Each structure stands twice: as C-alpha cells, then as structure tokens.
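So the chains spell out like this:
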Amino acid sequence: MGDVEGTVEGHRDGHGFVWPDHGDAPIFLSPQEMRSVLHRDRVRVRVQRFDRKGRPEGRVIDILERRKTPIIGRLLHEGGQWLVAPEDSRYGQDILIPKNATASAAVGQVVSVELTEPPSLHSQPVGRVAEVLGEIDDAGMEIEIAVRKYEVPHLFTPETLAQAAALPDKVRAADRKHRVDLRDVPLVTIDGEDARDFDDAVYAEPYKAGRGKSAVEGWRLLVAIADVSHYVKPGEPLDEDAYERATSVYFPRRVIPMLPEKLSNGLCSLNPDVERLSMVCDMVVTTAGKVHAFQFYPAVIESHARLTYTEVAAVLANTRGQEAEKRADLVPHLLHLHEVYRALLKQRATRGAMEFETTETQIVCDEQGRIEKIGPRTRNEAHRLIEEAMLAANVCAAEYIAAAEHPCLYRVHEGPTPEKRQALQAQLKALGVSAALSEQPTPAEMAAIAASVQGRPDALQIHTLLLRSMQQAIYTASNNGHFGLAYGAYTHFTSPIRRYPDLLVHRVLKAIIAGKRYHLAGNSKTRKPEMRRGGKPQRVAAKPMTRDMELWEAAGGHCSANERRADEASRDVEAWLKCRYMRERLGEEFAGTVSAVTSFGLFVTLDALYVEGLVHITELGGEYYRYDEARQELRGERTGIRYAMGARVRVQVSRVDLDGRKIDFRMVRDGEADRLLGRGGAGKGADKGSEKGGEKGGEKGADKPGTAAEELAAVKHADRLARGAAKAAKAGQAPQAASGGRHARSRKPGPQRPAPKPRNRR
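Below is a short write-up of the structure. (Residues numbered from 1 in each chain as written. Predicted model: local features only at pLDDT ≥ 70, side-chain atom pairs only at ≥ 80, totals over all residues. Heavy atoms only, no water.)

**Examining the overall build of the protein**
Here is step 1: Looking only at helices and strands, the protein has 19 helices and 31 strands in total.
Here is step 2: The buried share of the protein, taken over its 762 residues, is 52%.
Here is step 3: Residue pairs in contact within the protein that sit at least 24 positions apart in sequence constitute 69% of those at least 6 positions apart.
Here is step 4: Looking at the protein as shown, the accessible area adds up to about 35,100 Å², and 50% of this sits on carbon and sulfur atoms. (Helix = DSSP H or I, 4+ residues; strand = E, 2+ residues; numbered from the N terminus. Buried < 20%, exposed > 50% of the residue type's maximum accessible area, 1.4 Å probe, protein only. Contact = heavy atoms within 4.5 Å. Areas by Shrake-Rupley, 256 points an atom, 1.4 Å probe, with all protein chains shown as cover.)

**Some details on the pairing of strand β13 (residues 200-209)**
Here is step 1: Pairing geometry for β13 and strand β14 (residues 216-226), over 10 bridges, is antiparallel. Paired with Pro206 across the bridge in β14 is Trp219.
Here is step 2: Counting the residues between successive antiparallel strands, the hairpin from β13 to β14 contains 6 residues, one of them, Gly210, with a positive phi of roughly 80°. (Pairing = 2+ DSSP bridges.)

**Some remarks on unusual backbone geometry**
Here is step 1: Although it is not a glycine, Arg40 sits at a positive phi angle of roughly 80°.
Here is step 2: Its relative accessible area of 12% is what places Arg40 among the buried residues.
Here is step 3: Despite not being glycine, Ala103 shows a phi value in the positive range, around 55°.
Here is step 4: Relative to the helices and strands, Ala103 resides in the loop between β8 (95-97) and β9 (110-117).
Here is step 5: The exposed category is assigned to Ala103, whose relative accessible area is 55%.

**Notes on the side chain of Thr491**
Here is step 1: Here Thr491 lies in the loop between β23 (474-476) and α13 (500-513).
Here is step 2: Polar side-chain contacts of Thr491 include one of 2.7 Å to the backbone oxygen of Leu409.
Here is step 3: Apart from residues lying up to four places away in sequence, Thr491 is in contact with Asn394, Ala397, Ala398, Leu409, Tyr410, Arg411 and Val505. (Polar contact = N/O pair within 3.5 Å; in protein donor to acceptor, adjacent residues only side chain to side chain.)

**Some words on the sheet that holds strand β24 (residues 589-598)**
Here is step 1: The mixed closed barrel is built from 5 strands, whose spatial order is β24-β25-β26-β31-β30. Shown here is a sheet whose adjacent strand axes are inclined to one another by a mean of 50°, direction ignored.
Here is step 2: Alignment of strand β26 (residues 612-616) against strand β31 (residues 662-667), held across 2 bridges, turns out to be parallel. Paired with Val615 across the bridge in β31 is Phe665.
Here is step 3: Docked against the sheet, helix α14 (residues 547-583) engages β24, β25 (601-606), β30 (648-657) and β31, running at close to 100° with respect to β30. (Axes fitted to C-alpha atoms, helices over the stretch in contact; angles between N-to-C directions.)

**A few points about the pattern of salt bridges**
Here is step 1: By the definition in use, this model includes 53 salt bridges.
Here is step 2: Where Glu311 meets Arg327, a salt bridge forms, and the shortest distance between an N and an O atom there is 3.5 Å. One end of the pair, Glu311, is in helix α6 (residues 309-317); the other, Arg327, is in the loop between α7 (322-326) and α8 (331-351), with 16 residues separating them in the sequence.
Here is step 3: Among the ionic pairs, Glu633 bridges to Arg635, the shortest N-O distance being 3.6 Å.
Here is step 4: Residue Glu633 is classed as buried on the basis of its relative accessible area of 4%.
Here is step 5: Using a relative accessible area of 37% as the deciding quantity, one classes Arg635 as partly exposed.
Here is step 6: Because the salt bridges share partners, they merge into one network encompassing Glu5, Asp21, Arg42, Arg44 and Asp62. (Salt bridge = Lys/Arg side-chain N within 4 Å of Asp/Glu carboxyl O.)

**A word on the sheet that holds β13**
Here is step 1: Strand order in this open sheet of 5 strands is β11-β18-β17-β14-β13, and the pairing throughout is mixed. What marks the edges here is a single partner per strand, and that holds for β11 (180-182) and β13. Across the sheet, the mean angle from the axis of one strand to that of its neighbour is 35°, orientation sign disregarded.
Here is step 2: On the sheet, helix α9 (residues 381-403) packs against β13, β14, β17 (275-286) and β18 (291-302) and is oriented at approximately 105° with respect to β18.
Here is step 3: Sheet strands in contact with α13 are β14, β17 and β18, and its direction is about 75° off that of β17.

**Concerning the environment of Arg648**
Here is step 1: Mapped onto the fold, Arg648 is located in strand β30.
Here is step 2: Arg648 sits 43 residues away from Thr605 along the chain, and the two C-alpha atoms are 9.9 Å apart.
Here is step 3: A distance of 2.8 Å separates a polar atom in the side chain of Arg648 from the backbone oxygen of Gly592.
Here is step 4: Polar contacts involving the side chain of Arg648 include one to the side chain of Asp607, which spans 2.6 Å.

**Describing the nonpolar core**
Here is step 1: Counting residues in hydrophobic clusters, the biggest one holds 94 residues, and the most contacted among them are Ile190, Val202, Leu221, Val223, Leu263, Met283 and Phe493.
Here is step 2: For this core, the element with the highest residue contribution is α9, accounting for 11 residues.
Here is step 3: Val223 has contacts with Ala201, Val202, Met279, Val280, Cys281, Met283, Ala389, Met390 and Ala393, leaving out every residue within four places of it along the chain.
Here is step 4: Listed in part, the 52 residues of the second largest apolar core include Ile72, Met582, Phe665 and Met667. (Core = buried A, V, L, I, M, F, W, Y, C linked by side-chain atoms within 4.5 Å.)

**So, the packing of helix α10 (residues 418-430) against helix α12 (residues 459-469)**
Here is step 1: Where α10 contacts α12, the axes come no closer than 9 Å and their chain directions differ by 170°. When the axes of α10 and α12 are compared, the pair comes out roughly antiparallel. Crossing angle aside, the handedness with which α10 passes α12 is left-handed. In this structure, α10 uses Lys420, Leu424, Gln427 and Leu428 to contact α12, whose residues at the interface are Ile462, Leu465, Leu466, Arg468 and Ser469.
Here is step 2: Grouping the amino acids of the contact of α10 with α12 by side-chain chemistry returns 5 nonpolar, 2 polar and 2 charged. (Parallel < 35°, antiparallel > 145°, perpendicular 65-115°, else oblique. Left-handed = near helix turned anticlockwise from the far one by under 90°. Nonpolar A, V, L, I, M, F, W, Y, C, P; charged D, E, K, R; others polar.)

All we've got here are geometric facts, nothing functional implied.
Have a look at this one:
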C-alpha cells in the first residue's frame, strides 16, 4: 500500500485514525503521531506496518489541510498558564492561550478559540479566544456549543435578511396568476402542539367515475405543500443560505431554521384563515389503496383550521365527543381522510413495507432549559394518517419526475449488504428466530421477521437488529428505490420549508409542468461528505456521468452530509441534557432493560426515564464474562449468568461525565446472586438473579460491607469533591482533577460506545 490521503479522526484516549478519501480501511495513528495533527485535519500517511489482525498502522508524512474552524472549550488556568480544554475530546490536546489573548473570558467559561500556531511533535497548539459564549450552566449553552462544535450555520447573512424583509407580508394579486383557486376547499393542517411552521395541508372526499368494469371508486386526496420555490429563487441570497444549511435543525426548545422566520413561520407557512401559495398533489385513491391517477399543479389555498394530532385522534376515536363538537363542520372531512388512510394501509401491507417498533423520546424543558421530564413520543392514528398521505404524495412526485426522465434528488434506502445479511442471519439464529433470508433480501422478508417476533419480550431489540442491518437513507440522483418502504421510486416533496431537497423537487416539478428543464448550478458551498466509521465509498457509475448529473450527485451528497450533521448536533444536545438531568440522581436506583451488549459491558435503558447508560463489565462482579457476538450476550464462565438484549435488570447511577456525554451504572444484585458470585455457583438461580435484577436487591445488599451502601457513600463523597473543585476553579484557583475535569477525562482510557440507534428517517 502506497501513500494515502484522508481525514484524521481523533480518539479521546490519544490515538487516532485516518479515514481514506476513497473509503478503504482506516489507518491507525499512534498517540505520538497524533501530536502533530488535530481531529479533522487532512493528511497524507504512509503505512508502516500491520498489526496481528491485519489492520494498517501509519505515519503522517504531510499535512494537506488544517481545519480552520474555531474550537469550542472551557478556559482553564493551570500552573500559571492559560489553556482551553476542547469540548470535543477527539481533539486530544489542550490549546495554550497567551495571557493577552484571553479576551474578557473568566476561568471556567465556554469560549471559541482560533488557532494561531498548529501543533507539532514538540509543542502544543496555540490560539486566541475569539468569542466568549458564557458559563457552562447558562440556559441554552449546550445548543450554543453544539452549533459551533458541528459547524451548523446559525446566523443568516445580512443580504439574506434584507431580501426576506423586502418580501410582502401576504399573497398579492400577481402571485395568484396561473394558479388553481382552492380557497373554498376545506384543507386543514395537522401537526404537533409545538409546531410553528406548517408545510402541508390535506383534504379528502369520496370519488366515483365510470361504469361497469372500468368504474373507479375511492377517494380524491389533496395534499397541498407550501410553495417555497415561488419566493426562494436560484442564485439569490435566500437560496445560498438555504443550500448551505440544507435542513432545519431541531433542539429541545429551539429550532435553527433553514429559512428566515418571515418565510418559515409567516409567508410560506400554511397558517389558518390566510391565503397561501402551494404546490398540490391531487390524487385518486381506490378502495384497495392504489393511487389510480394523480396530477401536480400550483394553487392558492386557505387552510380552514390548524389541528393537532391529539385533537384529530380524539375526533376519530369519538365522533360525538367534546373535540368533535368543536370541529363539527370538519368531522366529515376528517372521517374521509381516515378512510383513505385505512385504504393506503392495505397497499402498504401488500407491497411488504416494514413497520418496526421503536421508542423515540421527547424531552420537556422548563424556562431555564433544564429537563422537567423525559417521556416516550407516542404515535396515534392522526400521526399515521398524515404519514400515509405524505408518503403517497412523495411517491407520486418521484414517479412523475422519473417518467419525465428529468434529473432530480431521490431519497434512496438500500437493504442489507452481503456482510450485514450474514451477520443478521447468525444473530437471528442465535436468538431462536427461525427465518431464512434470501441472497437478496426483500422488504417483505424483513417485514415478516418483524411481524413474527411480535409479543416477544425482546421484540424491540430484534427490530433494532433489523434496522441496523440496513444501510442509511441518502439523497442521490440515482433512483435505486426505497427498501424500507418498498417503493421503486421515492423522493421528498412534502417539507420544503425545512429540507432543501424538497425545494429542488418543487423546482423540477414546475419545470416539467411548464415543458422546460431545470438546470442545477454549481455551488461553492457544497459540503463534501466525510467518510464515517464504517462508511462506504460512493458508488461508481456504470458509465461516465454528464456534468448535469455530477452537479445533482454533489447536491445529494451535500444534503445527506448536512442531514447527518443536524442529527449529530441534536443527539449531542439531548445527551448533554440527559447527563445534566442524571447528575442530580447520582446514587439512585432504577429498573431498566439491557438495550445493547458489547465486549466491554451492557447498555441499559431506564424504564422510568428513558435514559441509557453503561454498566461496565468490571461492574458485573468477580467473574470472567465471555462475549458471544452472535447471541449478543455476555456469559459468566463460572456461574453461567447471562446478560442478553432485553434482560431486565436493576441499576444504580454511579457516575455522570458531562464532558464525555456518558452515564455509568453499577448493577444492583439480590442476595442470592451475590452469594452465587461469591462461591462460583451456577444454575437456575443465577439466571434468575441476572435477568430479574431483584426488586429488593438494594435492601438485601445494603447491609453487606463493600456493596451498595458503601459504594453510594463513595459516590456522594466523589461528587462533593468534584463540586468543590468546580467552585475553586470558578474562584480562579487551580482546579483539581475531578470527574468533569479535562485531565480526568482526557487521560482515562474508556471503551468506545456503539453506534447510536438508527432513526427511522424516511
């Protein structure tokens, strides 16, 4: 192997990896090699050797590009020197700050640093404080950190704001030209209680045409989508900023929108009782759930009501109830929408689309930004109704564009690779799921497996395995279908206020309707997708692409990369909030379920709080545990105790690392399990002790020396020391190494966490 160019990815333990540009295996960099580079630098490396498992180890021979973005961290004063400990531990090195370059920052504050001198083998990086963000416990600080840490554009340019301000406040007479007038149609929006921008409005009515065998009976379904493309034109400042962002980013209590508020919450939002411009997908859906015919056209509409999912679900559940009485004039139309939804569900089952059990959590914060509660995000009939209507419109858009042979961005989701298929087959077999997968698994096969495990205690975990076996959905100009939804062609048409690909789809649809072609222009702000851990190289086209297709592929890669960036930033903020929430619960005990098993321990999700933490393998008792990857379990060699996905356990919160976004638990055992571990016994009681966890484990173990009582006291003592160190640091004294301190976390090796659970993004 010759010289390789790629991007550095640091690790909190000091070493790093270079991810080659062309998707080859990562090359290991020793801590010594990492001294001269920083996380996300582009370098050229030379492979020096291979380890026992055949993995390459390299040496940096040239630094091609230094990352110029600011680094976020906390300002510290240690040993007479000012330094900033990066918030992202992958940077691995503290940044020295000259005495006259600290700006107005105080010790312990969060700052943004610009490098003035890069690191070398013999010196640390040097920088200056460019921005003071505030105290770490300030309300909303976690979001300020995340948007800078992940380089999320959060400020509109002056030109964009000026263009938005110049737009009218309402639809003008000139805007209505060449549009179908649907203002008298009782379209309604159905969204969550906290929604502020309304992309879509829906309406349905019974439909019948023809006679005899050629008769078509069903419903006419209208899906009206905000016509953002009427106001956001190619090449203008609004378009430049929207393209750079590519998506809105959603945090608890705050949204970083793709478009300025005048558009996202005003002129483009389908607010009730005001005229709005829209693109309409007008469909005829048969009683069997097939879309018999459809057309697209620009229209002017007036939403007749802003409804919530909760309201609509209540109306559908009881058409004579209180909610139905309030919306009596809309009840017949809502019932028609529900009938269309039930028909579309039939077709979903026919084509073999997958339906997985997943639990999404909702964080409710107070006015200070602190978590009040964490609960499951429940989905009712209204959620599903809107989802099916949007899916139908998206499929119609994809088929319309494909039939016109016009380039566009498709939403592509591919099934398992051969390697992932084999791994999934082995895992299912080990879990006792008798399901054979073909060489090329179909959505129907995966859906059948998901249905076959319904009712099992580990059904959620098996569904997670199925999801992880599939590839990530992306935007691309190549129409390769959507595996999870079992569609031959699929795109995103329904959310142009918050997704740039949808805006591009609208432009293409308008061009086709007008008998023209939309030509995508090159953009200097195109963000090249970075290779992620486990990433795959981009597909090589069977034949050379035209310049037009190259531009579409670049736009797809940019939008996919920014979608991942938005997800990572949102997850980072949620993890930070959960860590701060759990920091107040140190020492408390909770029941939970094993959500993942690794060679270094168990990940447990708490029942009451929906928070996940790690029980390290060293916390499982005086026993050697062997990891069985196929069965996804840890088994004690002496006792036979097994920990597998779905096992019920009881844990105690032992440590919270706010900087590392990690929560550690220790296992709480009942007395029988403790005795078995102590004497190396095995048998039925061992399994019972491990899986049940012992509701009275805390009571039985508290009287024993070295168990829960003493450990709890030690935890509280360590927490007091940590808080004392934080107060001392705030007062300007040299801080001691504590659980939240930079040096404690940067020098302590820790296991790598598994990839986050995939979201069912469609």
